[in-house]
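For reference, the chains in residue letters:
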Amino acid sequence: MRQHYPTLVLVASAEAGSTDAQDVVQAGVAIALTRLDTFEPGTDFRAWMSAIVRNAARNHRRGRRRGLRLTERFRETKRGQQASSTGPGDPSAAERDGELRDAVDALPDAQRACLLLRVVQEHSYAEIGKILDLPEATARSHVLRARRRVAEQMGAGDVDGGDHDE
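In this report, the structure presented in the accompanying data block is examined.

Rules used throughout
Residues numbered from 1 in each chain as written. Predicted model: local features only at pLDDT ≥ 70, side-chain atom pairs only at ≥ 80, totals over all residues. Heavy atoms only, no water. Core = buried A, V, L, I, M, F, W, Y, C linked by side-chain atoms within 4.5 Å. Buried < 20%, exposed > 50% of the residue type's maximum accessible area, 1.4 Å probe, protein only. Helix = DSSP H or I, 4+ residues; strand = E, 2+ residues; numbered from the N terminus. Contact = heavy atoms within 4.5 Å. Polar contact = N/O pair within 3.5 Å; in protein donor to acceptor, adjacent residues only side chain to side chain. Axes fitted to C-alpha atoms, helices over the stretch in contact; angles between N-to-C directions. Parallel < 35°, antiparallel > 145°, perpendicular 65-115°, else oblique. Left-handed = near helix turned anticlockwise from the far one by under 90°. Nonpolar A, V, L, I, M, F, W, Y, C, P; charged D, E, K, R; others polar. Phe/Tyr/Trp six-rings, centres within 6.5 Å; stacked < 30°, edge-to-face > 60°. Lys NZ or Arg CZ within 6 Å of the ring centre and 35° of its normal.

Among the nonpolar cores identified, the biggest contains 34 residues, and Val-24, Val-53, Leu-115, Leu-117, Ile-128, Leu-132 and Val-150 are the most heavily contacted of them. If you list the elements that add at least two residues to this core, you get helix 1 (5-16), helix 2 (21-34), helix 3 (45-85), helix 4 (93-105), helix 5 (109-119), helix 6 (125-132) and helix 7 (136-153). By residue number, the principal contributor to this core is helix 1, which donates seven residues. Among all residues touching Val-150, those that are not within four sequence positions of it are Leu-100, Ala-103, Val-104, Leu-107 and Leu-115.

Right, here's the structure in full:
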């Protein structure tokens, strides 16, 4: 379990958000303990746990959907206030970090999960496919599309990420 914890946190983060990821993983572990008899020895434990954590994260997210909408409205209001109070010029590093976080948060769930597993955890596309129960080519496609969307939102144009030789 300890070996796979960082991956499970990323899976939870992609589905439920980074602030709730550890709680979601803990909930997933509790669920897994009650369902340990369903694990088939010899199969991929990480993939089994990832599926449980993904489902726990989705349930968590559904339960918090209202709160997230209110948070987004607050962010939009705050962005509007900041934009009117700052002058022209280059955005600060903190602002760019916030923009990047917002761009990643705006990705569809599957794209966000694949991107985070690829970029943060440096998993191969085959590993991402196993973790998220996707074909390898679909994982690769999700990462490419996620990179392009983030680049567009960040004003960097089209970016391919340089993973064509894998």
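Still to come is the rest of the account.
You can see Arg-147 is positioned in helix 7. The sequence separation of Arg-147 and Arg-112 amounts to 35 residues, and the corresponding C-alpha distance is 9.4 Å.

You will see that Glu-122, though not glycine, has its phi angle at about 55°, which is positive. Position of Glu-122 among the secondary structure elements: in the loop between helix 5 and helix 6. Phi at Asp-133 takes a positive value of approximately 55°, unusual for a residue other than glycine. Note on Asp-133: relative accessible area 65%, which makes it exposed.

The next thing to look at is the side chain of Arg-118. By the secondary structure assignment, Arg-118 is in helix 5. Relative accessible area serves as the criterion here: at 11%, Arg-118 is assigned to the buried category. At 3.4 Å, the side chain of Arg-118 and the side chain of Tyr-125 are in polar contact.

Turning to the packing of helix 1 against helix 2, a few remarks are in order. The geometry of a pair of packed helices is captured by two quantities: the angle between their axes and the separation between those axes. Where helix 1 contacts helix 2, the axes come no closer than 8 Å and their chain directions differ by 115°. Comparing the axis directions of helix 1 and helix 2 gives the class roughly perpendicular. Along this stretch, helix 1 crosses helix 2, giving a crossing that reads as right-handed. Packed against helix 1, whose contacting residues are Tyr-5, Leu-8, Val-9, Ala-12, Ser-13 and Ala-16, the element helix 2 presents Ala-21, Gln-22, Val-24 and Val-25 at the interface. Within the contact of helix 1 with helix 2, the residues separate by chemical class into eight nonpolar, two polar and no charged.

Time to look at the packing of aromatic side chains. Per the stated rule, a full pass over the model turns up three aromatic pairs. An angle of 80° between the planes, with centres 5.6 Å apart, marks the rings of Phe-39 and Phe-45 as edge-to-face. The exposure class of Phe-45 is partly exposed, given its relative accessible area of 25%. Between Phe-45 and Trp-48 the ring centres are 5.9 Å apart and the planes differ by 40°, which places this aromatic pair in the tilted class. A residue pair is termed a helical-turn pair when its members lie 3 or 4 positions apart in one helix, as Phe-45 and Trp-48 do in helix 3 at three residues. Aromatic rings pair up to connect Phe-39, Phe-45 and Trp-48 into one cluster. The residue whose ring lies beneath Arg-118 is Tyr-125, and the NZ or CZ to ring-centre distance is 4.5 Å.

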